[in-house]
Amino acid sequence: MRRYPILPATLAAASLVTLAACNRAPDERTVGQKVDATVETIEKKADQAAAAVKEDAAVARDNAGQAMDAAATKVKDATITTSINAELARDASLSALKIDVDTVGGRVSLRGTAPDAPARERATQLAKQVEGVVSVDNQLQVRS
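Bear in mind the structure is a predicted one, so any value in this text is a computation, not a measurement.

Asks: Lay out the pattern of salt bridges with the relevant residues and their values.
Replies: When charged atoms on two side chains of opposite charge get close, those side chains can pair. This model, assessed by the stated rule, comprises five salt bridges. We note a salt bridge from aspartate 91 to arginine 122, for which the minimum N-O separation is 2.6 Å. With aspartate 91 in the loop between helix 2 (31-90) and strand 1 (99-104) and arginine 122 in helix 3 (residues 117-128), this pair connects stretches of sequence that are 31 residues apart. Among the residues examined, aspartate 91 registers a relative accessible area of 12% and is labelled buried. What makes arginine 122 partly exposed here is its relative accessible area of 32%.

Asks: Residue-level account of the sheet that holds strand 2 (residues 107-114), with values.
Replies: Here we have three strands laid out as an open sheet, ordered 1-2-3, and mixed in their pairing. Pairing within the sheet leaves two strands with one partner each, and these edge strands are strand 1 and strand 3 (135-142). The average angle at which neighbouring strand axes cross in this sheet is 10°, direction not considered. Strand direction decides the pairing type here: strand 1 and strand 2, joined by six bridges, are antiparallel. Across the sheet, the residue bridging to valine 101 is leucine 110, located in strand 2. Strands in contact with helix 2 are strand 1 and strand 2; relative to strand 1, the strand with the most contacts, it is inclined by about 155°. Across the sheet, helix 3 is in contact with strand 2 and strand 3; its angle to strand 3 comes to roughly 160°.

Asks: Describe the side chain of asparagine 138, naming the residues involved and giving the relevant values.
Replies: In this structure, asparagine 138 sits in strand 3. Within the structure, asparagine 138 has its side chain in polar contact with the backbone nitrogen of leucine 140 (distance 2.8 Å). What asparagine 138 contacts, discounting residues up to four positions off in sequence, is Leu110, Arg120 and Thr124.

Asks: An account of the nonpolar core is needed here, citing residue identities and associated values.
Replies: One finds Ile84, Leu88, Val108 and Leu110 to be the most contacted residues of the largest nonpolar core, which totals 17 residues. Elements with a contribution of two residues or more to this core: helix 2, strand 1, strand 2, helix 3 and strand 3. What valine 108 contacts, discounting residues up to four positions off in sequence, is Ile80, Ile84, Val101, Asp102, Thr103, Val133, Ser135, Val136 and Asp137.

Reading guide: rules and limits
Residues numbered from 1 in each chain as written. Predicted model: local features only at pLDDT ≥ 70, side-chain atom pairs only at ≥ 80, totals over all residues. Heavy atoms only, no water. Salt bridge = Lys/Arg side-chain N within 4 Å of Asp/Glu carboxyl O. Helix = DSSP H or I, 4+ residues; strand = E, 2+ residues; numbered from the N terminus. Buried < 20%, exposed > 50% of the residue type's maximum accessible area, 1.4 Å probe, protein only. Pairing = 2+ DSSP bridges. Axes fitted to C-alpha atoms, helices over the stretch in contact; angles between N-to-C directions. Contact = heavy atoms within 4.5 Å. Polar contact = N/O pair within 3.5 Å; in protein donor to acceptor, adjacent residues only side chain to side chain. Core = buried A, V, L, I, M, F, W, Y, C linked by side-chain atoms within 4.5 Å.

Structure below.
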């Protein structure tokens, strides 16, 4: 013999719904008033949903703008680094040296060695002449 555990649960739920309906006060509103109240509730929910969508769209727009700004900054920094490396390669006394150029937000750091003090200073001047450079931190060590 099969047991049907769903049947007692369904009967119990139906009994609860019936008892709950008995405890409710009768609704004296007309059908038109009930429809108006329902429409008003739906309009409020729609307004709330529209406001939430607008807010989410604004946040998404801000986040996209920030991501684009960050990407643009990285591209500018890479362009500055490449330009400085090209300028250093053109200089006879600096081209054979290993000079690390790092750029963050237009701020350039030079690391490595220079053959003498004038070459070290020339590396700073070459870096400063590149468009977009905000500052140069020359950490080159003079080694003869």
